[in-house]
Amino acid sequence: MKLIFLGPPGAGKGTLALRAVDILKVQQISTGSIFRAAVAAGSPLGLKVKAIMDAGKLVDDETTIALVKERLAMDDVQKGYILDGFPRTIPQAEALASFSTVDKVVNFDIPDSGVLERLGGRRVCRKCGYNFHVIFNKPSKEGICDTCGGEIYTREDDKPEAIQKRLEVYRAQTEPLIDFYRKKGLLVDIDARPLVDEIVIEFKKVLGV
Ligand code: ADP
Ligand code: ZN
């Protein structure tokens with residue numbers, strides 16, 4: 001199954017993607033994680049995108065599209081994938097349609113207040129990318145990932161000014177994709193406010209898996 005996860009930052013796309021990967025036996029492709037790995041590695045791509053990401057802005061379409069096109073050409077994603085964080089603009093969605101088909105687009109619905117609460121408290125494992133939260137999902141040992149033992153940190157773009165910027169960017173550039181995919185009959189809506197276990201149940205129900 002080929003899925004797109006759409007929704008504002010902090011809607012829980014990445015968290016649900018980790019669960020959905022297990023259920024559907026497909027790969028998760030997170031453009032944000034790929035960019036963060038490039039930044040951590042100090043690669044040419046990383047150097048190019050670091051300041052853009054830290055400010056909460058979008059990497060340019062050309063760079064992002066080329067990256068996803070290359071990833072989707074690999075063997076391990078021919079039967080299915082979850083695209084988490086791509087497409088984020090209409091040009092990205094149009095480009096995607098030219099090199100892959102999509103079965104469903106899952107729209108994670110959450111108000112701005114929910115986004116602010118989640119992103120402000122989000123902490124991420126540097127090694128495996130698992131998302132913790134200072135109130136809702138604490139690690140058993142402070143600062144250390146339960147899953148892999150990696151170090152837990154606050155993303156630069158989870159600081160208040162960047163969160164505001166990301167929400168603005170989402171409303172202006174990404175939200176139009178909801179209509180774009182609804183018109184194609186591909187959109188399914190999920191209420192992203194409940195706890196993740198409940199969302200998993202809803203997810204299985206709407207997708208019939
Ligand atoms: P979020 O938690 O905001 O959903 P991600 O982890 O998906 O963030 O992405 C982090 C950052 O990576 C974005 O703010 C943006 O700078 C860059 N990025 C990720 N995906 C895309 C994309 N499809 N187009 C442009 N920039 C992207
Ligand atoms: Zn970890």
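Just above sits the structure.
Just so it is clear, the structure is predicted and the values come from calculations on it, not from any experiment.

Colleague: Explain the site of ligand 1 residue by residue, including any values.
Modeller: Taken together, 19 residues lie around ligand 1, and Thr31, Arg36, Lys57, Gly85 and Arg166 are the ones closest in. A distance of 2.8 Å separates an oxygen atom of ligand 1 from a polar atom in the side chain of arginine 36. Sorting elements by how many residues they give to the shell around ligand 1 places helix H2 (residues 31–41) first, with four residues. Residue composition of the shell around ligand 1, by class: six nonpolar, five polar and eight charged.

Colleague: Describe the environment of glycine 12, listing the residues and the values that go with them.
Modeller: Tracing the sequence through the fold places glycine 12 in the loop between strand E1 (2–6) and helix H1 (13–24). Discounting chain neighbours no more than four positions away, the residues touching glycine 12 are Phe108 and Arg118.

Colleague: Report on the packing of aromatic side chains, specifying residues and quantitative values.
Modeller: Evaluation of the coordinates by the stated rule reveals four aromatic pairs. Through a chain of ring-to-ring contacts, the aromatic side chains of Phe5, Phe108 and Phe203 assemble into a single cluster. Taking the ring centre of tyrosine 153 as reference, the NZ or CZ of arginine 126 above it sits at 4.0 Å. Over the ring of phenylalanine 180 we find lysine 184, and its NZ or CZ is 4.7 Å from the ring centre.

Colleague: Provide a residue-level description of the pattern of salt bridges, including the pertinent values.
Modeller: Per the counting criterion, the structure on display carries 14 salt bridges. In this structure, the salt-bridge partner of glutamate 151 is arginine 126, at a minimum N-O distance of 3.0 Å. In this pair, glutamate 151 is assigned in the loop between strand E6 (131–133) and strand E7 (152–153) and arginine 126 in the loop between strand E5 (122–125) and E6, connecting sequence segments 25 residues apart. Ionic pairing is found between aspartate 158 and arginine 166, a salt bridge with its closest N-O pair at 2.9 Å. Grouping residues by exposure puts aspartate 158 and arginine 166 together as buried. Where salt bridges share partners, they join Arg122, Arg155, Asp157, Asp158 and Arg166 into one cluster.

Colleague: Run through the coordination of the zinc ion (ligand 2), naming residues and quoting values.
Modeller: Taken together, the protein donors to the zinc ion (ligand 2) comprise Cys125 (SG), Cys128 (SG), Cys145 (SG) and Cys148 (SG), at separations of 2.3 to 2.4 Å. The site at the zinc ion (ligand 2) holds four donor atoms, and with the angles between them running 99 to 115°, its shape is tetrahedral. Counting residues between consecutive donors of the zinc ion (ligand 2) along the chain gives the motif C-x2-C-x16-C-x2-C. On the accessibility criterion, cysteine 145 (3% relative accessible area) is buried. Assessed through its relative accessible area of 27%, cysteine 148 is described here as partly exposed.

Colleague: Would you mind going over the packing of H1 against helix H9 (residues 196–207) in detail, with residue names and values included?
Modeller: H9 packs onto H1 with a crossing angle of 50° between their chain directions and a minimal axis gap of 10 Å. Of the possible angle classes, the one that applies to H1 and H9 is oblique. The hand of the H1/H9 crossing is right-handed. Side by side, H1 and H9 meet where Thr15, Leu16, Arg19, Ala20, Ile23 and Leu24 of the first sit next to Val196, Asp197, Ile199, Val200, Phe203 and Lys204 of the second. When the residues that make up the contact of H1 with H9 are grouped by side-chain class, the tally is eight nonpolar, one polar and three charged.

Scoring rules and cut-offs
Residues numbered from 1 in each chain as written. Chains lettered and ligands numbered in written order. Predicted model: local features only at pLDDT ≥ 70, side-chain atom pairs only at ≥ 80, totals over all residues. Heavy atoms only, no water. Near = heavy atom within 4 Å. Polar contact = N/O pair within 3.5 Å; in protein donor to acceptor, adjacent residues only side chain to side chain. Helix = DSSP H or I, 4+ residues; strand = E, 2+ residues; numbered from the N terminus. Nonpolar A, V, L, I, M, F, W, Y, C, P; charged D, E, K, R; others polar. Contact = heavy atoms within 4.5 Å. Phe/Tyr/Trp six-rings, centres within 6.5 Å; stacked < 30°, edge-to-face > 60°. Lys NZ or Arg CZ within 6 Å of the ring centre and 35° of its normal. Salt bridge = Lys/Arg side-chain N within 4 Å of Asp/Glu carboxyl O. Buried < 20%, exposed > 50% of the residue type's maximum accessible area, 1.4 Å probe, protein only. Donors = N, O, S within 2.8 Å, 3.2 Å for Na, K, Ca; no water. Tetrahedral: all angles 85-135°; square planar, octahedral: opposite > 155°, others 65-115°. Axes fitted to C-alpha atoms, helices over the stretch in contact; angles between N-to-C directions. Parallel < 35°, antiparallel > 145°, perpendicular 65-115°, else oblique. Left-handed = near helix turned anticlockwise from the far one by under 90°.

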